[in-house]
Amino acid sequence: MMPDFGSVVWDMLFEPLDSYTISIIDADVRSIIKSDPRWLLQSVEISEGPNALNIEVTVTYLPSDEDVILPLVYDKGTNTL
């Protein structure tokens, strides 16, 4: 098991989406992507939707140089991704 691996997003889900919260989530996403050498981070976009926290991560898969957009929607109502 990897008890130190995971994301802070679940802990930040009900916090106000201010510049402080955005910076914490952004740093966490960047750290996670950086830990896998197969991916090159292009951008992280964080926004709030109706009853959800939206994170859009754009990465390049290095073995093939293919760009991939990962839309992550954390639902506040059901606590699901």
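Rules and cut-offs
- Residues numbered from 1 in each chain as written.
- Predicted model: local features only at pLDDT ≥ 70, side-chain atom pairs only at ≥ 80, totals over all residues.
- Heavy atoms only, no water.
- Helix = DSSP H or I, 4+ residues; strand = E, 2+ residues; numbered from the N terminus.
- Buried < 20%, exposed > 50% of the residue type's maximum accessible area, 1.4 Å probe, protein only.
- Contact = heavy atoms within 4.5 Å.
- Areas by Shrake-Rupley, 256 points an atom, 1.4 Å probe, with all protein chains shown as cover.
- Lys, Arg positive; Asp, Glu negative; His and termini not counted.
- Charge placed at Lys NZ, Arg CZ, Asp CG, Glu CD.
- Phe/Tyr/Trp six-rings, centres within 6.5 Å; stacked < 30°, edge-to-face > 60°.

Trainee: Mind showing me how you'd approach the overall build of the protein chain here?
Mentor: From N to C terminus, the protein chain includes two helices and three strands. Mapped in sequence order, the helices and strands of the protein chain form the string α-α-β-β-β. Taken along the three principal axes of its C-alpha coordinates, the protein chain extends 35 × 30 × 25 Å. Counting only residues that meet the buried cut, the protein chain has 26% of its 81 residues in that class. In the protein chain, of all internal contacts separated by at least 6 residues, the share reaching a separation of at least 24 is 31%. When the accessible area of the protein chain is evaluated, it comes to approximately 5600 Å², of which 56% is carbon and sulfur surface. The average position of the 4 basic charges and that of the 14 acidic charges among the side chains of the protein chain differ by 5 Å.

Trainee: Can you help me understand the packing of aromatic side chains in this one?
Mentor: For any pair of aromatic rings, the description rests on two quantities: the centre-to-centre distance and the angle between the ring planes. On inspection of all chains with the given rule, the structure shows two aromatic pairs. Judged by centre distance (4.9 Å) and plane angle (50°), the ring pair of Trp-39 and Tyr-61 falls under tilted. Pair noted here: Trp-39 is in strand S1 (residues 39-49) and Tyr-61 is in strand S2 (residues 52-61), with a separation of 22 residues, a long-range link. Judged by relative accessible area, which is 27%, Trp-39 ranks as partly exposed. Residue Tyr-61 is classed as partly exposed on the basis of its relative accessible area, which comes to 28%.

Trainee: What should I look at first to understand unusual backbone geometry in this one?
Mentor: Trans is the common state for peptide bonds, and a negative phi is the common state for residues other than glycine. Even without a glycine there, the phi angle at Asn-51 is positive, about 60°. Locating Asn-51 in the fold gives a position in the loop between S1 and S2. A residue is classified by how much of its surface remains accessible, and Asn-51, at 45% relative accessible area, is partly exposed. Despite not being glycine, Asp-65 has its phi angle at roughly 60°, a positive value. Topologically, Asp-65 is positioned in the loop between S2 and strand S3 (66-75).

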